[in-house]
Amino acid sequence: MPIYTLFPLIAVSGAVGFLVGALAQQDISYRKLNNTMVSDAYVYQSRRKIFKSLSFLGITSPAPAALQPTQNSVSTMSGSSFAGSETESSKIELSPDTGSMSLFEQFILWSRSQVNHVIMFMTFSIGAEQPQYKEISHVASIMKYGFPGMDEIHVYKNFVVSYDRRNRIAHWVCEHLKGECLTYRDPQTLEKPNEYIPDASIPTMFSANMRDFRNSEWVGGHMASPQNYKCDIAMFTEAYKFPNIVPISRALKNNVWLRLEHYVRELALKSGSVYVYTGPMFMPQRITFRNWAIRHHVMGMNTVAVPTHFFKVIISEHRQDDDLPFVEGYVVPNAEVDAETDLRSFLADVRDIEHFAGLKFFDGDQRKRLDFTSSDSSLDIEYVH
């Protein structure tokens, strides 16, 4: 065959093959769209344009009413319980009529669905909107002594979190401990979750996950301890959500930090009501005589920041007095500390914590000297292995 006829034949064959493939792909897309209820209005408006391009094949657009999202697909929330505040959506889908498709078309549809799953797994989700609590008194009761900062506030059943997207941890966590909750234990809280729980209100790209903590010298520490909420399984489970988790030294968590959490619970039993602000700190280190720098580790593919220190600001109310509540501040290094170290060694001026954490706390009657003994046997102690 002459070469001057071979090249045009190849070009025509390639063009015809391309058009046939495109038409086949569009036809499969039509069938899938025509047999599946699409709940995303953006997807419907984008895909419906395909019907115009292949109208000559006799394929018509499905009835618009069949593609409109139903009223039940709107996320609902119950203001009386946090369990109802999670985003719930009901999507009505009809399975494709595989009986009218060839085996090749079914294979193509299956392949495309698998590819879509892989793409969705590899890309970042945009997250869901933070549920709005209807009862303002719920937030007011926890934040009685004010917000130290206002960066991305997330409200839970018994604590409030200010979240740091850049570092994938919290700026601060505020909780309200009541004595009556510490004297009773819900049997359901005897078993803790096997893994930390993602929060749908935070985009995946700004959140830590379990893979970040695997094969690491750091473990997950709770800013608001779940042992403070053994009286309620819902509050207990909330404490295992990732916004409340921060990388902490295993030796610190099992010793000094555990004792400090234990002391807070004892103080709540004595005073009846304690407000606790807990958060990470990134303290500067001297590089040369005149130069300082902040150096800290990051872990995992999400580069979760590992704080150099942690702080706790405790506001203890009095049962009888009308005086200002006592305020105590603690700063603990995120490293192995002698287990026998007295907790009073970590007392810090609240003004210093404000300076390095960039936060502002309630001005109360700050305790300069403490006279307390913490008995580790009066409350349960949970160790990390």
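As the structure is a prediction and not an experimental result, all values here were calculated from the model.

Cut-off values and rules
- Residues numbered from 1 in each chain as written.
- Predicted model: local features only at pLDDT ≥ 70, side-chain atom pairs only at ≥ 80, totals over all residues.
- Heavy atoms only, no water.
- Salt bridge = Lys/Arg side-chain N within 4 Å of Asp/Glu carboxyl O.
- Helix = DSSP H or I, 4+ residues; strand = E, 2+ residues; numbered from the N terminus.
- Buried < 20%, exposed > 50% of the residue type's maximum accessible area, 1.4 Å probe, protein only.
- Disulfide = S-S within 2.5 Å.
- Core = buried A, V, L, I, M, F, W, Y, C linked by side-chain atoms within 4.5 Å.
- Contact = heavy atoms within 4.5 Å.
- Pairing = 2+ DSSP bridges.
- pLDDT = per-residue confidence, 0-100.

Tallied over the full model, the rule gives 7 salt bridges. Between Asp232 and Lys157 there is a salt bridge, with its nearest N and O atoms 3.5 Å apart. Taken together, the positions of Asp232 in the loop between strand E4 (218–222) and helix H9 (233–238) and Lys157 in the loop between strand E1 (153–155) and strand E2 (159–164) put the pair 75 residues apart, joining distant regions of the chain. Among the ionic pairs, Glu195 bridges to Arg214, the shortest N-O distance being 3.4 Å. With Glu195 in the loop between helix H7 (179–182) and helix H8 (210–213) and Arg214 in the loop between H8 and E4, this pair connects stretches of sequence that are 19 residues apart. Of the residues examined, Arg214 reaches a relative accessible area of 46% and is grouped as partly exposed. One connected set of salt bridges, linked through shared partners, spans Arg351, Glu354 and Lys360.

Along the polypeptide, Pro247 turns up in strand E5 (residues 245–249). Owing to a relative accessible area of 0%, Pro247 belongs among the buried residues under this scheme.

Simply put, the disulfide is a covalent bond whose two ends are the sulfur atoms of two cysteines. In the structure shown here, the tally under the stated rule is 1 disulfide. Each disulfide pairs two cysteine sulfurs, and for Cys181 the partner residue is Cys231, the sulfurs being separated by 1.9 Å. Every disulfide takes its handedness from the sign of the S-S torsion; for Cys181 and Cys231 that torsion is -80 degrees, giving left-handed. Taken together, the residues Cys181 in helix H7 and Cys231 in the loop between E4 and H9 connect sequence positions 50 residues apart. Classification of Cys181 by relative accessible area gives buried; the value is 11%.

Let us look at the nonpolar core. Leu252, Trp257, Val274 and Ile314 are the most contacted members of the largest nonpolar core, which has 49 residues in total. When residues of this core are assigned to their parent elements, the largest contribution, 7 residues, is made by helix H11 (residues 256–271). Beyond its immediate chain neighbours, meaning those up to four positions away, Trp257 contacts His222, Met223, Ile248, Leu252, Thr278, Phe310, Phe311, Lys312 and Val332. Core analysis: the second largest hydrophobic core is formed by 21 residues, Met143, Phe311, Val313 and Ile353 among them.

Of all 5 residues making up E4, 5 are buried, and the element is well covered by its neighbours. Bridge analysis of E4 against E5 gives 5 bridges, and the strand direction is antiparallel. Paired with Gly221 across the two strands is Val246, which belongs to E5.

On to the confidence of the model for the protein chain. A residue-level look at the protein chain finds 64% of positions with pLDDT of 70 or above and a mean pLDDT of 75. Least confident of the elements in the protein chain is helix H4 (residues 64–67), whose mean pLDDT is 41; most confident is E5, at 95. Here residues 123–134 is a poorly scored stretch, pLDDT under 50, and it has 27 contacts once near neighbours within four places are set aside; other chains count. Taken together, the stretch residues 369–385 has pLDDT below 50 and engages in 41 contacts with residues farther than four places along the chain or on a different chain.

The next subject is the pairing of strand E11 (residues 309–316). By the criterion of burial, E11 is predominantly enclosed, with 7 of the 8 residues buried. Note that E11 and strand E12 (residues 326–333) share 8 bridges and pair antiparallel. In the sheet register, Ile315 faces E12, and the bridge partner there is Val327.

Take unusual backbone geometry next. Backbone geometry places Glu152, a non-glycine residue, at a positive phi of 40 degrees. In this structure, Glu152 sits in the loop between helix H6 (136–142) and E1. A positive phi is found at Arg168, a non-glycine position, where the angle reads about 65 degrees. Among the structural elements, Arg168 can be located in the loop between E2 and strand E3 (169–178). Given a relative accessible area of 17%, Arg168 falls into the buried group.

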